[in-house]
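These are the residues of each chain, in order.
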Amino acid sequence: MIYRAIKDLAQYGIAKGLIEKEDEVYVINSILQELQLDEYEEPAGEGETELEPILKVLLDYACEKGIIEDSIVYRDILDTKLMGLMTPYPREVIRTFQELKAESAEKATDWYYDFSQNTDYIRRYRIAKDRRWKTETAYGELDITINLSKPEKDPKAIAAAKLAPQSGYPKCMLCRENEGYGGRVNHPARQNHRIVPIRIAGKDWFMQYSPYVYYNEHCIAFNGEHIPMKIDRSAFEKMFDFIKYLPHYFIGSNADLPIVGGSILSHDHFQGGRYTFAMETAEVEQEYVFDGFADVEAGIVKWPMSVIRLRHENSDRLVDLAEKILNAWRGYTDEEAFIFAETDGEPHNTITPIARMRDGKFELDLVLRNNITTEEHPLGVYHPHAKLHHIKKENIGLIEVMGLAVLPARLLGEMDALKDAILTGKDLRNDDRTALHADWAEDFMKKYDTITEENIDGIVEDEIGLVFAEVLEDAGVYKRTEDGQKYFCRFMESVGAKRK
C-alpha cells in the first residue's frame, strides 16, 4: 500500500505538470528517503488520482513508523516537504509566469493560481470545507464564510511550540525568505511555496496567493524588505502600480493602526485578487466636487462603513486627491460626532484604501477608520459592539470592509446546536453552545410564522448575514442616520468638497 501511494504521488506530479516522466524514478527515490525506506516494488493496477487520500496514506505510514508524531502540525510539515520534492525551482516558476505575462496578465495569473493549488500550497480539499453563502441586505449581497480550512493546533503541538527555541528567521509570515523554508512547530513549512517578483514604486516586491483563499485568486503583494505598513501617498502609488501590472485584479490595504488594521502590521503588503465584492457594486448615493479636482468623479458610497469613492482615467489625479483627503482625516476632530484625531498623543484616524480598474477608469475607495476606545467599548467604538460578539468579535479588516465576513469555526457547531434547540423547543440558555446566541435567536424567531427543518438552515444563514451588516455599521465612523450623514458631509466640506 505504501509503494502504491508513493507511485501515485509521483504520477500526480506528472499529471499536474510539476515534474516530467523522466523525473519519476528520482522523485520516487526522494520520497523513499523521507519515509526511511530502502526498497521499492512497482505496484500493479490502477492508482489513486486525488491528492488528499494519497498524502493520507503516506502520512499515516510516517506516524505508524514513528517518523513523525500524529499531529496536524507535524503532518503538515511532512506533506509539505513531500510536495516540495516535486515543486519546480523558483527560476522555472518565474520564467513561466513572465512568459505568460508577455501574452496577457490573465494567462499569467490563471496559470500561477492553478500551479499554487497543484503544489498543495493552497490545499483545495481544506478550502472545500469552508461554509459559504450570500445574504441579501440593504447594502446588496454580503458574502459570509465560516473558515474551516485553517487547521487548529492540538494541545501537544501548542505545548511544543511554546518550548521551541524562538527564531527570527523568517522574520514574519510574509517575508520572501519563507519560499522553500522547511518549517517548524511554530512556523509553517513552505517547500512547495513559490513567489513571483514584481516591480512596485521602483522597488523589489513579490506576489503570492494566500494559502487560505478567502475569495477567488486571493493574492498578497509584499515588499521585499521587512518594513512596517504605512498608509500614505506612496501606498496609493504602489496600489496603482500593481493595478497597471495586473489590471484584472483589485488591490487593497488594511489600515495601519491597531484594532482597525490587519494581523501583520510589521510587513508592508497589500491584498488583492479577482473577485467582485458587494462594496464594489454599491452605488454612489451623493456626488461631490473637490476644489481643484473638478475633473475627478467623487462621492459617498451607499455602504454601512464610511466610504469616499474617486474615479479618473489618470491615476495620478486620484493619488493627489487621496493624499489630500488622508492628510485631512489624520488631523480631523469633530467632538460632536465623537471623532478624535488623537488622545494623549495616540493617533486614531486612518484609512483602508481599495483600488481597481473599472469600465476603463481607475477607481479608489477610501474607507475612513478610527480606533478610539472607551470604557463602554474597550475593543473600539468603531468595532463590532458587545451584543454582536456572539457572531463576530474579531477586528474588521480589509476583507470584511469590502463585504465578506470571515467568521470563526466555532460557529458551525454552535449553529447546529442552535437549530436543533429551536426545532425541539429546548431552553437555549441551558447549553453553553447556544446560551450566547439566545437573545438574538429569540428575537429573530418572532419574524417567522413557522420554522421547520426545511427552512431553518436558510433562516439562520440569513440572520447571520444580517448580523454581519450590523457589524459593518458598528465599524462605520459616520452612521447611516440623519446626524451621521450630516457629520460626514461636514468632513467632506472641510476638505473642500461640495455636493453636486
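Residues numbered from 1 in each chain as written. Predicted model: local features only at pLDDT ≥ 70, side-chain atom pairs only at ≥ 80, totals over all residues. Heavy atoms only, no water.

With that settled, consider the overall build of the chain. Scanning the chain for helices and strands turns up 17 helices and 16 strands. For 500 residues, the compact-globule estimate of 2.2 N^0.38 gives 23 Å, and the C-alpha radius of gyration of the chain, at 25 Å, lies within 12% of that figure. Over its C-alpha atoms, taken along the principal directions, the chain stretches across nearly 75 × 65 × 45 Å. Among the 500 residues that make up the chain, the fraction classed as buried is 53%. Within the chain, one finds 62 positive and 89 negative side-chain charges whose respective centroids are separated by 3 Å. (Helix = DSSP H or I, 4+ residues; strand = E, 2+ residues; numbered from the N terminus. Rg over C-alpha atoms; globule rule 2.2 N^0.38 Å. Buried < 20%, exposed > 50% of the residue type's maximum accessible area, 1.4 Å probe, protein only. Lys, Arg positive; Asp, Glu negative; His and termini not counted. Charge placed at Lys NZ, Arg CZ, Asp CG, Glu CD.)

Turning our eyes to something else, we now look at the packing of helix 13 (residues 410–424) against helix 15 (residues 438–445). The interhelical angle for the contact between helix 13 and helix 15, taken along N-to-C directions, is 50°, at an axis separation of 12 Å. Viewed along their axes, helix 13 and helix 15 adopt a mutual orientation that is oblique. The two elements helix 13 and helix 15 cross, and the hand of that crossing is right-handed. Each of Met415, Leu418 and Ile422 in helix 13 lies in contact with helix 15, whose residues at this interface are Trp440, Ala441, Phe444 and Met445. Residue composition of the contact of helix 13 with helix 15, grouped by class: 7 nonpolar, no polar and no charged. (Axes fitted to C-alpha atoms, helices over the stretch in contact; angles between N-to-C directions. Parallel < 35°, antiparallel > 145°, perpendicular 65-115°, else oblique. Left-handed = near helix turned anticlockwise from the far one by under 90°. Contact = heavy atoms within 4.5 Å. Nonpolar A, V, L, I, M, F, W, Y, C, P; charged D, E, K, R; others polar.)

Moving on to the environment of His377. With respect to the element layout, His377 can be found in the loop between strand 14 (361–370) and helix 12 (398–401). Sequence separation between His377 and Phe468 is 91 residues; the distance between their C-alpha atoms is 18 Å.

The next thing to look at is the pattern of salt bridges. Counted by the stated rule, this structure contains 55 salt bridges. Asp110 is paired through a salt bridge with Arg274; the nearest N and O atoms lie 2.4 Å apart. Residue Asp110 is located in helix 6 (residues 105–118), and its partner Arg274 is located in the loop between strand 7 (269–273) and helix 10 (278–281); the two are separated by 164 residues in the primary sequence. Owing to a relative accessible area of 21%, Arg274 belongs among the partly exposed residues under this scheme. A single salt-bridge network, built from bridges that share partners, covers Glu280, Glu297, Arg309, Arg311, Glu313, Arg356, Arg358, Lys361, Glu363 and Asp365. (Salt bridge = Lys/Arg side-chain N within 4 Å of Asp/Glu carboxyl O.)

Below, the discussion takes up the sheet that holds strand 1 (residues 131–137). Within a sheet, neighbouring strands are paired by backbone hydrogen bonds and run either parallel or antiparallel to one another. Spatially, the 3 strands line up as an open sheet ordered 1-2-15, and their pairing is mixed. The open sheet has two edge strands with one neighbour each: strand 1 and strand 15 (404–407). Going across the sheet, the axis of each strand differs from the next one's by a mean of 20°, ignoring polarity. Alignment of strand 1 against strand 2 (residues 140–146), held across 7 bridges, turns out to be antiparallel. Residue Thr137 lies in a different strand from strand 2, and its bridge partner there is Gly140. Against the sheet, helix 16 (residues 456–475) engages strand 1, strand 2 and strand 15, with an angle of about 65° to strand 1. (Pairing = 2+ DSSP bridges.)

One pass over the full model with this rule turns up 23 aromatic pairs. Taking the centre distance of 5.8 Å and the plane angle of 70° together, the rings of Tyr169 and Tyr181 count as edge-to-face. One end of the pair, Tyr169, is in the loop between helix 8 (155–163) and strand 3 (196–200); the other, Tyr181, is in the loop between helix 8 and strand 3, with 12 residues separating them in the sequence. Take Tyr169: its relative accessible area is 43%, and that puts it in the partly exposed class. Looking at Tyr181, the relative accessible area reads 18%, which means it is buried. Consider the rings of Tyr215 and Phe250, whose centres lie 5.7 Å apart with planes at 40°: the pair is tilted. With Tyr215 in the loop between strand 4 (203–209) and strand 5 (219–223) and Phe250 in strand 6 (residues 250–252), this residue pair connects regions lying 35 residues apart in the sequence. Pair check on accessibility: Tyr215 and Phe250 agree, each one buried. Three or more aromatic residues joined by ring pairs make a cluster, and in this case those are Phe97, Trp111, Tyr112, Tyr113, Phe115 and Tyr209. (Phe/Tyr/Trp six-rings, centres within 6.5 Å; stacked < 30°, edge-to-face > 60°.)

Here helix 9 (residues 233–245) spans 19 Å end to end across 13 residues, near enough to the 18 Å set by a 1.5 Å rise per residue. Inspection of helix 9 places Ala235, Phe236, Lys238, Met239, Phe240, Phe242 and Ile243 among the buried residues, and these make up the whole buried set. (Expected span 1.5 Å × (residues − 1).)

On to unusual backbone geometry, then. The peptide bond linking Tyr169 to Pro170 adopts the cis configuration, its omega dihedral lying at -20°. Here Pro170 lies in the loop between helix 8 and strand 3. Positive phi values are uncommon outside glycine, yet Ala201 reaches one of about 55°. Structurally, Ala201 is set in the loop between strand 3 and strand 4. With relative accessibility at 41%, the residue Ala201 sits in the partly exposed group. Of note, the phi angle at Phe338 is positive, near 55°, even though the residue is not glycine. When you line up the elements, Phe338 lands in the loop between helix 11 (315–330) and strand 11 (342–343). Residue class for Phe338 comes out partly exposed when judged on its relative accessible area of 34%.

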